[in-house]
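Residue-level listing of the chains:
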Amino acid sequence: MEKTLVVIPTYDERENVKNIASAVLESLPEANMLFVDDNSPDGTGDVLDEMHEADQRINVLHKPGKSGLGRAYVSGFKWAIEQGYDYIFEMDADFSHDPAVLPKFLEEIKNYDLVVGSRYIDGIRIMNWPLNRLMLSKGASVYVKVITGMPLFDPTGGYKCFRRELLEKIDLDNITSNGYSFQIEMNHFTWMHNYKIKEVPIVFEDRRSGYSKMNKTIVREAILKVWQLLFKYNLRRKPLIIK
Ligand SMILES: Nc1nc2c(ncn2[C@@H]2O[C@H](COP(=O)(O)OP(=O)(O)OP(=O)(O)O)[C@@H](O)[C@H]2O)c(=O)[nH]1
Ligand SMILES: [Mg+2]
């Protein structure tokens, strides 16, 4: 029986963690969860510890301080590999990613190395986002595609599922993104090395409570990261032939 882990990074998500855990485990009762908390000032870490006591399917990795979404996922993925999970999900804590879709991802990952939830297949499926946020995200997806050649509709999305073998092939210590460009960097490796990616349509909803951690540094990092990736592969804009 394959083992599934849903990894959720948290920073100041006290109001969301209990509800998201219930929703995830209702959707995928066989799965385990790992929260990676950066010592959230609002005490999210304490709530997570209580949740772990009450339900052993819920695990918590406590990190000393805020070091970005990318670093949180790298720690979470290493833990997942050590613990022998086969399918490893990325997901936000804030209900932007609908837990009801988890089984659909799980079905697809049997035939692919990476399943990416896409907000932009056949139009735009984002609810309640201000126009400037939408333009930033949609603009980023076009920017990434034009510069790198990577044919994904939604290269910055954070709802996805990795096959363990793929994560093992990625040198996680060499993934340099701190913020959201982590998504681009992981997708780029996967595509460049000829792993199979499936994009599935998802509906993305603005967070229900708490505050956004998006900031200018994160945007700047992503703008630069795309060029770094292009140069890293000597301006190559299509996958390498060998796996
Ligand atoms: N551990 C950790 N988690 C983070 C960090 N930054 C963001 N997160 C988490 O990553 C997920 C996505 O962050 P969000 O702030 O929701 O980012 P977003 O979805 O682009 O923005 P909004 O939906 O507008 O809030 C959430 O679960 C956050 O709590 C961080 O530095 N460390
Ligand atoms: Mg969010």
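In case you missed it, the structure is sitting above this.
Throughout this document, residue positions are counted from 1 along each chain, in the order its sequence is written. The order in which chains are written sets their letters, starting at A; the order in which ligands are written sets their numbers, starting at 1. Per-residue local features are limited, in this predicted model, to residues with pLDDT of at least 70; the limit for side-chain atom pairs, both in listing and counting, is 80 or more; totals at the level of whole chains, interfaces and linings are taken over all residues. Side-chain descriptors were evaluated using all non-hydrogen atoms of the structure, hydrogens and water having been removed beforehand.

### Brief notes about the layout of surface pockets
Then comes step 1: Grid points spaced at 1 Å and placed over the protein atoms alone form the basis of the search, with a cavity being a set where a 1.4 Å probe fits but cannot get out and a pocket an open set showing protein on both sides within 12 Å along at least five of seven lines. Lining residues have an atom within 4 Å of a point. Grid points are joined across faces, edges and corners, and a volume is the space filled by probe spheres set on the points. When its volume is computed, the second largest pocket comes out at roughly 220 Å³.
Then comes step 2: Contributing to the lining of the second largest pocket are 13 residues, with Met 1, Glu 2, Thr 4, Glu 30 and Leu 106 lying nearest its centre.
Then comes step 3: Only Asp, Glu, Lys and Arg are considered charged, only Ala, Val, Leu, Ile, Met, Phe, Trp, Tyr, Cys and Pro nonpolar, and every remaining residue, Gly among them, polar. A class-by-class count of the residues in the lining of the second largest pocket yields seven nonpolar, two polar and four charged.

### Some remarks on the pattern of salt bridges
Then comes step 1: Just to be clear on terms, a salt bridge is a Lys or Arg side-chain nitrogen sitting within 4 Å of an Asp or Glu carboxyl oxygen. On inspection of all chains with the given rule, the structure shows eleven salt bridges.
Then comes step 2: Across the pair Asp 94 and Arg 207 runs a salt bridge, and its minimum N-O distance is 3.4 Å. With a gap of 113 residues between them, Asp 94 in the loop between strand 4 (87-90) and helix 4 (102-109) and Arg 207 in the loop between strand 9 (204-205) and helix 8 (216-232) connect regions that are remote in the sequence. In terms of burial, Asp 94 and Arg 207 fall into one category: buried.
Then comes step 3: A salt bridge links Asp 154 to Arg 119, with the shortest nitrogen-to-oxygen separation between them at 2.7 Å. Of the two residues, Asp 154 is situated in the loop between helix 5 (131-148) and strand 7 (160-163) and Arg 119 in the loop between strand 5 (114-118) and strand 6 (126-127); the sequence distance between them amounts to 35 residues.
Then comes step 4: Through salt bridges with shared partners, a single ionic network connects Glu 13, Asp 94, Arg 207 and Lys 213. Under the DSSP-based scheme used, a helix requires at least four consecutive residues in state H or I and a strand at least two consecutive residues in state E, with every element numbered from the N terminus. Under the scheme applied here, a residue whose accessible area is under 20% of the maximum for its type counts as buried, over 50% as exposed, and between as partly exposed, the area being computed with a 1.4 Å probe on protein chains only.

### Quick word on a negative patch on the surface
Then comes step 1: Judged by side-chain charge, Asp 46, Asp 49, Glu 50 and Glu 53 come together as a negatively charged surface patch.
Then comes step 2: Position of Glu 53 among the secondary structure elements: in helix 2 (residues 44-54). Surface patches are drawn from residues lacking salt bridges whose relative accessible area is over 30%; two like charges belong together within 9 Å, two nonpolar side chains (Val, Leu, Ile, Met, Phe, Trp, Tyr) within 5 Å. Per-residue accessibility takes into account occlusion by the displayed protein chains alone, with areas from the Shrake-Rupley method and a 1.4 Å probe. In this count, Lys and Arg are taken as positive residues and Asp and Glu as negative ones, while His and the chain termini are left out. Here the site of a charge means NZ on Lys, CZ on Arg, CG on Asp, or CD on Glu.

### Thoughts on the pairing of strand 3 (residues 58-62)
Then comes step 1: We treat two strands as partners when DSSP finds at least two bridges between them. Pairing analysis gives five bridges linking strand 2 (residues 32-37) to strand 3, with the strands arranged parallel. Paired with Asp 37 across the bridge in strand 3 is His 62.

### Notes on the packing of helix 5 against helix 8
Then comes step 1: To obtain an axis, a line is fitted to C-alpha atoms, over the contacting stretch when the element is a helix, and the angle between two such axes runs from 0 to 180 degrees between their N-to-C directions. Where helix 5 contacts helix 8, the axes come no closer than 9 Å and their chain directions differ by 15°. Accordingly, the angle class assigned to the pair helix 5 and helix 8 is roughly parallel. You can see that helix 5 and helix 8 cross each other, and the crossing is right-handed. Residues Leu 136, Tyr 143, Val 144, Ile 147 and Thr 148 of helix 5 form the contact with helix 8, whose own contacting residues are Val 219, Ile 223, Val 226, Trp 227 and Leu 230.
Then comes step 2: Along the lines of polarity and charge, the residues of the contact of helix 5 with helix 8 split into nine nonpolar, one polar and no charged. Any angle that falls under 35 degrees is termed roughly parallel, while one over 145 is termed roughly antiparallel, one within 65 to 115 roughly perpendicular, and all others oblique. Should the near helix be turned anticlockwise from the far one by less than a right angle, the crossing is left-handed, and should it be turned clockwise, the crossing is right-handed. Any pair of residues with heavy atoms lying within 4.5 Å of one another is described as a contacting pair.

By themselves these figures say nothing about function.
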